[in-house]
Amino acid sequence: MNIKALTLGLAVATAATFSFAKPVAYQIDPTHTATVFTWNHFGFSTPSANFSDITGTINVDNEKPANSSVDVTIPLSSVNTNVPALDKEFQQEAWFDAAKFPNITFKSTKVQSLGKNKYKITGNLTVKGVTKPVVLDAVLNKQGEHPMTKAQSVGFNATTTFDRSAFGIGNYVPNVGDKITVNITTEASVAK
């Protein structure tokens with residue numbers, strides 16, 4: 001057999017495989033995912049709180065990052081401010097109204113690669129029934145086989161800021177800051 005022809009045939013087959021490759025779906029690991037948010041408190045301090053039990057899917061297309069996407073659900077019942085009375089208050093109608101709106105969601109609408117494992121992820125954030133666009137500045141920490149689970153995995157960090165009053169949660173503004181800063185870290189794996 002002609003070696004040149006064989007090599008060319010393999011190259012064409014490989015190229016065709018990559019051309020039709022689809023994004024890989026990674027399921028978020030709630031035990032290694034956290035969303036920490038901070039705000040200004042009367043100018044004296046910058047308290048923080050976090051959400052846990054986060055679920056969702058990160059679709060990653062290494063060949064065409066624009067085909068990637070993120071879909072996340074954050075249960076309000078998981079909020080932890082380290083102040084039990086405040087956790088309870090946040091569940092009430094005047095704040096997140098968790099009885100009526102039990103989850104915060106984020107669904108990406110655009111993913112842009114900025115190079116050097118940096119991405120700009122634009123999407124719709126829904127809080128208390130209000131949906132607004134936000135932008136996540138994300139960094140891919142690592143992609144590959146997880147040493148413990150042996151599953152193909154990815155890890156990202158991301159940050160964003162927004163005004164909470166835009167989502168109908170303007171209590172005590174401006175004494176308690178309107179601007180919320182969010183820091184996210186996540187691991188996600190391909191289901192076996």
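What you see is a predicted model, and the numbers here were worked out from it, not measured in a lab.

Asker: So what's going on with the overall build of the chain? Residues and values would help.
Answerer: The helix and strand tally for the chain stands at two helices and ten strands. Ordering the α and β elements of the chain from the N terminus gives α-β-β-β-β-β-α-β-β-β-β-β. For the chain, the proportion of its 192 residues judged to be buried stands at 33%. Sequence-distant contacts in the chain: of pairs separated by 6 or more residues, those separated by 24 or more amount to 53%. When the accessible surface of the chain is summed, it comes to about 11,400 Å², and 59% of that surface belongs to carbon and sulfur atoms.

Asker: Summarise the side chain of Asp97; cite the residues concerned and give the values.
Answerer: Inspection of the secondary structure assignment puts Asp97 in the loop between helix H2 (84-91) and strand E6 (103-115). Here Asp97 is buried and forms no salt bridge, its nearest opposite-charge partner Lys100 lying at an N-O distance of 5.3 Å.

Asker: An account of the nonpolar core is needed here, citing residue identities and associated values.
Answerer: Membership of the largest hydrophobic core comes to 39 residues, with the highest contact counts inside it found for Phe37, Phe51, Phe96, Ile104, Ile121 and Leu125. Apart from residues lying up to four places away in sequence, Phe51 is in contact with Ala34, Thr35, Phe37, Ile74, Pro75, Leu76, Ser78, Val79, Phe96 and Ile104.

Asker: Talk me through the pairing of E6; I want residue IDs and the actual numbers.
Answerer: Pairing between strand E5 (residues 69-75) and E6: five bridges, direction antiparallel. Bridge pairing in E6 places Thr73 opposite Thr105. Across nine bridges, E6 lies against strand E7 (residues 118-127) in antiparallel orientation. When the sheet's bridge partners are listed, Ser113 is paired in E7 with Tyr119. Connecting E6 to the antiparallel partner E7 that follows it, the hairpin turn spans two residues, and Lys116 within it adopts a positive phi of roughly 55 degrees.

Asker: Please set out the pattern of salt bridges residue by residue, giving values where relevant.
Answerer: Applying the stated criterion across every chain yields a total of two salt bridges. For Lys107, the salt bridge identified is with Asp71, shortest N-O distance 3.1 Å. Of this pair, Lys107 sits in strand E6 while Asp71 sits in strand E5, placing them 36 residues apart in sequence. A salt bridge links Lys179 to Asp163; the nearest nitrogen and oxygen atoms lie 3.3 Å apart. Taken together, the residues span a long stretch of sequence, with Lys179 in strand E10 (residues 179-189) and Asp163 in strand E9 (residues 152-163) at a distance of 16 residues.

Asker: Describe the environment of Ala166, naming the residues involved and giving the relevant values.
Answerer: Mapped onto the secondary structure, Ala166 falls in the loop between E9 and E10. By relative accessible area, Ala166 is classed as partly exposed at 36%. C-alpha separation for the pair Ala166 and Thr131, spaced 35 residues apart in sequence, amounts to 9.1 Å. Filtering out sequence-adjacent residues up to four positions away, Ala166 remains in contact with Val130 and Lys132.

Asker: Run through the environment of Ile58, naming residues and quoting values.
Answerer: Within the fold, Ile58 resides in strand E4 (residues 55-60). A C-alpha to C-alpha distance of 9.7 Å links Ile58 and Glu187, two positions 129 residues apart in sequence. Contacts of Ile58, omitting those with residues within four sequence positions, involve Val24, Ala25, Tyr26, Ile28, Ser69, Val70, Phe156, Thr186 and Ala188.

Asker: So what's going on with the confidence of the model for the chain? Which residues, and what values?
Answerer: On average, residues of the chain carry a pLDDT of 90, and 89% of them reach 70 or more. Model confidence for the chain, summarised as mean pLDDT per element, is weakest for helix H1 (residues 3-19) at 43 and strongest for E7 at 98.

Asker: Before we move on, could you go through the pairing of strand E3 (residues 48-51) and cite the residues and values that matter?
Answerer: Judged by which residues are buried, E3 turns out to be one-sided: Ala49 and Phe51 face inward and are buried, whereas Ser48 and Asn50, on the alternate face, are not. Pairing geometry for strand E2 (residues 34-38) and E3, over four bridges, is antiparallel. Considered in E3, the bridge of Phe37 is made with Ala49.

Asker: I'd like a rundown of the packing of aromatic side chains, residues and numbers included.
Answerer: For the structure on display, the rule yields nine aromatic pairs. Both rings, one in Phe37 and one in Phe51, keep their centres 5.2 Å apart while their planes meet at 20 degrees; by these two values the pair is stacked. Here the residue Phe37 occupies a position in strand E2, and Phe51 occupies one in strand E3, the gap between them amounting to 14 residues. Look at Phe37 and you get buried, because its relative accessible area is 7%. Residues Phe90 and Trp95 carry aromatic rings whose centres are separated by 5.1 Å and whose planes lie at 55 degrees to one another, so their mutual orientation is tilted. Each member of the pair, Phe90 as well as Trp95, is classed as buried. Among the aromatic side chains, those forming a connected cluster through ring pairs are Phe37, Trp39, Phe51, Phe90, Trp95, Phe96 and Tyr172.

About the criteria used
Residues numbered from 1 in each chain as written. Predicted model: local features only at pLDDT ≥ 70, side-chain atom pairs only at ≥ 80, totals over all residues. Heavy atoms only, no water. Helix = DSSP H or I, 4+ residues; strand = E, 2+ residues; numbered from the N terminus. Buried < 20%, exposed > 50% of the residue type's maximum accessible area, 1.4 Å probe, protein only. Contact = heavy atoms within 4.5 Å. Areas by Shrake-Rupley, 256 points an atom, 1.4 Å probe, with all protein chains shown as cover. Lys, Arg positive; Asp, Glu negative; His and termini not counted. Salt bridge = Lys/Arg side-chain N within 4 Å of Asp/Glu carboxyl O. Core = buried A, V, L, I, M, F, W, Y, C linked by side-chain atoms within 4.5 Å. Pairing = 2+ DSSP bridges. pLDDT = per-residue confidence, 0-100. Phe/Tyr/Trp six-rings, centres within 6.5 Å; stacked < 30°, edge-to-face > 60°.

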